[in-house]
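Results of the structural survey
What follows is the residue order along each chain.
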Amino acid sequence: MSSSDIFIGETIGTAILILLGGGVCAAVTLKASKARNAGWLAIAFGWGFAVMTAVYISGPLSGAHLNPAVTVALAIKDGDWTNVPTYIGGQLLGALIGATLVWLAYYGQFQAHLTDKEIVGGPGAQSTSAKAVEAQEKGAGPVLGIFSTGPEIRNAVQNLATEIIGTVVLILAVLTQGLNDSGNGLGPLGGLITALVVAAIGLSLGGPTGYAINPARDLGPRIVHALLPLPNKGGSDWGYAWIPVVGPLIGGAIGAGIYNIAFA
């Protein structure tokens, strides 16, 4: 694979991943959406299907890492770091594009949601409304969860551990079951297996933090949230932003280490 193939494949694949994954979060969250309140099952399976679609689209070009934690794990497994910057650059760019496309696809719903007094508070809103209280939090605005993850209980050690554990599971599944014949990315069957594993992680381990398990998936959309001209959007919770970046990278390294010791 050439550097241009890797960069283009990772950009397209990660954009699709975030478009569909962020899209299901928007569908469940935004008040004027037909899927409003569809619940965690919809989110977990939506992200799983997003992974599958993105892998099948980008796999022939780049091997469909779509995640810096996967890229780092493969570099540790093989001892080759040559293309790591190219992979991660494409992943971050794709995440920015995908999050922007979610905003465009749900533009009217974002506007309606963020000008609704029951959501953002203000004169005439009930001060006891859970959503109005949420909107007044300094750390995270009322639609940040469409773009990025956040903890239900803010405990840095637990939150970091949750992200590490979830990512180790993902990496072990990718390295033992998901690789293509060349061993440098996900294959067709591996894409399906990884999608099911992502859904499983979401269902079993997603409750505490929203399971980023992917630094680009969280950081890119969080940047987009900070930049978009959304009314009453609130903060982007930058105080938490390091956890879904550092945790998955640590988890990726640990997963690769376990693989090298136990399976290689």
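Note that this is a predicted model, so its numbers are computed, not measured.

Here we look at the overall build of the protein chain
For the protein chain, the helix and strand inventory stands at 12 helices and 0 strands. Counting helices and strands in the order they occur from the N terminus, the protein chain gives α-α-α-α-α-α-α-α-α-α-α-α. Over its C-alpha atoms the protein chain spans a radius of gyration of 18 Å, differing by no more than 12% from the 18 Å that the globule rule assigns to 264 residues. Taking the principal axes of the C-alpha coordinates as reference, the protein chain spans close to 60 × 35 × 30 Å. Out of the 264 residues belonging to the protein chain, those deemed buried represent 50%. Long-range contacts, defined as pairs at least 24 residues apart, comprise 77% of the intrachain contacts of the protein chain with a sequence gap of at least 6. Total accessible area computed for the protein chain in this model is approximately 11200 Å², and 66% of it derives from carbon and sulfur atoms. Within the protein chain, the 13 negative side-chain charges are centred at a point lying 13 Å from the centre of the 11 positive side-chain charges.

Comments concerning the environment of P248
With respect to the helices and strands, P248 occurs in helix 12 (residues 243–262). Separated by 90 residues in the primary sequence, P248 and Q158 have C-alpha atoms spaced 14 Å apart. Other than its neighbours up to four places away in sequence, P248 contacts A69, E163, T167, I213, N214, P215 and I243.

What about the pattern of salt bridges?
Summed over all chains, the structure comprises 5 salt bridges. For K31, the salt bridge is made with E118, and the minimal N-O distance between the two is 3.2 Å. Residue K31 is located in the loop between helix 1 (3–29) and helix 2 (40–62), and its partner E118 is located in helix 6 (residues 117–120); the two are separated by 87 residues in the primary sequence. We note a salt bridge from K77 to D78, for which the minimum N-O separation is 2.7 Å. Here D78 falls in the partly exposed class, since its relative accessible area comes to 46%. Overlapping salt bridges bring together K31, D116 and E118 as one network.

Looking at the packing of helix 1 against helix 2
Axis separation between helix 1 and helix 2 bottoms out at 8 Å; the angle between their running directions is 165°. Between helix 1 and helix 2, the angle is such that the two are roughly antiparallel. Note that helix 1 runs across helix 2; the crossing there is right-handed. Of the residues that constitute the contact of helix 1 with helix 2, the class distribution is 18 nonpolar, 8 polar and 2 charged.

Parameters and conventions
- Residues numbered from 1 in each chain as written.
- Predicted model: local features only at pLDDT ≥ 70, side-chain atom pairs only at ≥ 80, totals over all residues.
- Heavy atoms only, no water.
- Helix = DSSP H or I, 4+ residues; strand = E, 2+ residues; numbered from the N terminus.
- Rg over C-alpha atoms; globule rule 2.2 N^0.38 Å.
- Buried < 20%, exposed > 50% of the residue type's maximum accessible area, 1.4 Å probe, protein only.
- Contact = heavy atoms within 4.5 Å.
- Areas by Shrake-Rupley, 256 points an atom, 1.4 Å probe, with all protein chains shown as cover.
- Lys, Arg positive; Asp, Glu negative; His and termini not counted.
- Charge placed at Lys NZ, Arg CZ, Asp CG, Glu CD.
- Salt bridge = Lys/Arg side-chain N within 4 Å of Asp/Glu carboxyl O.
- Axes fitted to C-alpha atoms, helices over the stretch in contact; angles between N-to-C directions.
- Parallel < 35°, antiparallel > 145°, perpendicular 65-115°, else oblique.
- Left-handed = near helix turned anticlockwise from the far one by under 90°.
- Nonpolar A, V, L, I, M, F, W, Y, C, P; charged D, E, K, R; others polar.

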